[in-house]
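Chain residues, written in single-letter form:
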Amino acid sequence: AQKVTQAQTEISVVEKEDVTLDCVYETRDTTYYLFWYKQPPSGELVFLIRRNSFDEQNEISGRYSWNFQKSTSSFNFTITASQVVDSAVYFCALSGERGRRALTFGSGTRLQVQP
Amino acid sequence: GAVVSQHPSWVICKSGTSVKIECRSLDFQATTMFWYRQFPKQSLMLMATSNEGSKATYEQGVEKDKFLINHASLTLSTLTVTSAHPEDSSFYICSAPSSGRASSYNEQFFGPGTRLTVL
């Protein structure tokens, strides 16, 4: 069975601080996909990144960066110089190969960025 | 990217009534769609997999007689909450995976969600 753990329930930072959201996953699949989504108060999920299990390169997109480490089954997400607009709930998710493409979501981390 | 729509975006109904939620893929065909439920301040949980032309597959603990799913065409799946009760109040979100060549990348396209409140 697949499992995603986001141990941080809520994080509060002051604007311009860097913050890292942790994600640890479990799967028996050799090919799998990892995702991060942002969910603002409106509820609509905003796609941030998708990474397959064979691509362990870290990725940077503006103030966002992701650290994928297969050895520790982690896919952490860092926001540099946080802004108030970053306040939201962030979900890490996992899906298997073609036969099991539904996502398994972590419990989410609520990020509050104070001005 | 591809677009998935949901209708209605929110609905309030009386206890005991049935509510239908539509999920449409607007610019691609989706033989499979997923329905998730999210209770307040909780995560998204998969309820069922909707399959075009065949019966839906329900996750353990989800009552198939209460949550009726119909995947009538390659672009439309509907979720009907029958005899709704206050405990069914939740945020319902559908998604469709990419098809064709893009399916190898396992892209997922989510609808904007439907907020159901049962009084």
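Starting from 1, residues in each chain are numbered consecutively following that chain's sequence as written. Chain letters start at A and ligand numbers start at 1, both assigned in the order the entries are written. The predicted nature of this model means local features are confined to residues of pLDDT at least 70 and side-chain atom pairs, given and counted, to a pLDDT of 80 or more, with totals for whole chains, interfaces and linings taken over all residues. In computing side-chain properties, one takes all heavy atoms of the structure into account and sets aside hydrogens as well as water.

## Quick notes on the overall build of chain B
- Strands are runs of DSSP state E lasting at least 2 residues, helices are runs of H or I lasting at least 4, and numbering of each runs from the N terminus. Assigned secondary structure in chain B consists of zero helices and 11 strands.
- Starting at the N terminus and ending at the C terminus, chain B contains elements arranged as β-β-β-β-β-β-β-β-β-β-β.
- By principal-axis analysis of the C-alpha atoms, chain B measures approximately 45 × 25 × 25 Å.
- Exposure categories follow from relative accessible area, calculated using a 1.4 Å probe and restricted to protein chains: below 20% of the type maximum is buried, above 50% is exposed, and the middle band is partly exposed. The burial tally for chain B puts 49% of its 119 residues in the buried class.
- Whether two residues are in contact is decided by their heavy atoms: any pair within 4.5 Å suffices. Residue pairs in contact within chain B that sit at least 24 positions apart in sequence constitute 54% of those at least 6 positions apart.
- The protein chains shown are the only cover counted for residues, whose accessible areas, like all others here, come from Shrake-Rupley with a 1.4 Å probe. Carbon together with sulfur atoms contributes 52% to the accessible area of chain B, which is approximately 6000 Å² in total.
- In this tally, Asp and Glu contribute negative charge and Lys and Arg positive charge; neither His nor the terminal groups of the chain are included. The atom standing in for a charge is NZ when the residue is Lys, CZ when it is Arg, CG when it is Asp and CD when it is Glu. Here chain B holds 10 positive side-chain charges and 9 negative ones, and the gap between their average locations is 4 Å.

## Considerations on the interface of chain B and chain A
- Opposite the 21 residues of chain B that make contact, chain A presents 21 residues.
- When two parts are put together, the accessible area they lose, computed with a 1.4 Å probe and summed over both, is reported as buried area. Carbon and sulfur atoms make up 51% of the area that chain B and chain A hide from each other, which totals about 1700 Å².
- Salt bridges are defined by distance alone: a side-chain nitrogen of Lys or Arg within 4 Å of a carboxyl oxygen of Asp or Glu. Linking chain B with chain A are zero salt bridges, by the criterion used here.
- In the analysis that follows, any N or O atom pair within 3.5 Å is treated as a polar contact, provided that within protein one partner can donate a hydrogen and the other can accept it, and provided that, for residues neighboring in sequence, both atoms belong to side chains. Here chain B is connected to chain A by four residue pairs in polar contact (both at pLDDT 80 or more).
- Throughout, the ten residues Ala, Val, Leu, Ile, Met, Phe, Trp, Tyr, Cys and Pro are labelled nonpolar, Asp, Glu, Lys and Arg are labelled charged, and all others, Gly among them, are labelled polar. For the side of chain B that touches chain A, the residue count by class is 10 nonpolar, eight polar and three charged.

## Side note on the sheet that holds strand β3 (residues 19-25) of chain B
All names here are of chain B.
- What the four strands build is an open sheet, ordered β1-β3-β8-β7; its pairing is antiparallel. Edge positions in the open sheet fall to β1 (4-7) and β7 (67-73), since each of these has one partner strand only. Within this sheet the neighbouring strands show an average axis-to-axis angle of 15 degrees, counted without direction.
- One bridge is not enough; two strands pair if DSSP finds at least two bridges between them. Bridge count between β7 and strand β8 (residues 76-81): five bridges; the pairing is antiparallel. Residue pairing across strands places Ile69 opposite Leu79, the latter belonging to β8. Note on geometry: axes are C-alpha line fits, over the in-contact stretch for helices, and angles between N-to-C directions span 0 to 180 degrees.

## Some details on the state of the cysteines
All names here are of chain A.
- Two cysteine sulfur atoms form a disulfide, by the criterion used here, when they sit within 2.5 Å. Per the counting criterion, the structure on display carries two disulfides over all chains.
- Disulfide partner of Cys23: Cys92, at an S-S distance of 2.0 Å. Handedness here is read from the sign of the S-S torsion; for Cys23 and Cys92, about -65 degrees, the answer is left-handed. Remark: Cys92 occurs in strand β10 (residues 88-95) and Cys23 occurs in the loop between β3 (19-21) and β4 (24-26); sequence separation between them is 69 residues. With respect to class, Cys23 is no different from Cys92; both count as buried.

## Let's talk about the side chain of Thr114 of chain B
Residues and elements named next belong to chain B.
- With respect to the helices, strands and loops of the structure, Thr114 is situated in strand β11 (residues 114-118).
- Polar side-chain contacts of Thr114 include one of 3.1 Å to the side chain of Gln6.
- Setting aside residues no more than four positions away along its own chain, Thr114 makes contact with Gln6, Pro8, Ser9, Trp10, Val11, Ile21, Ser90, Phe91 and Tyr92.

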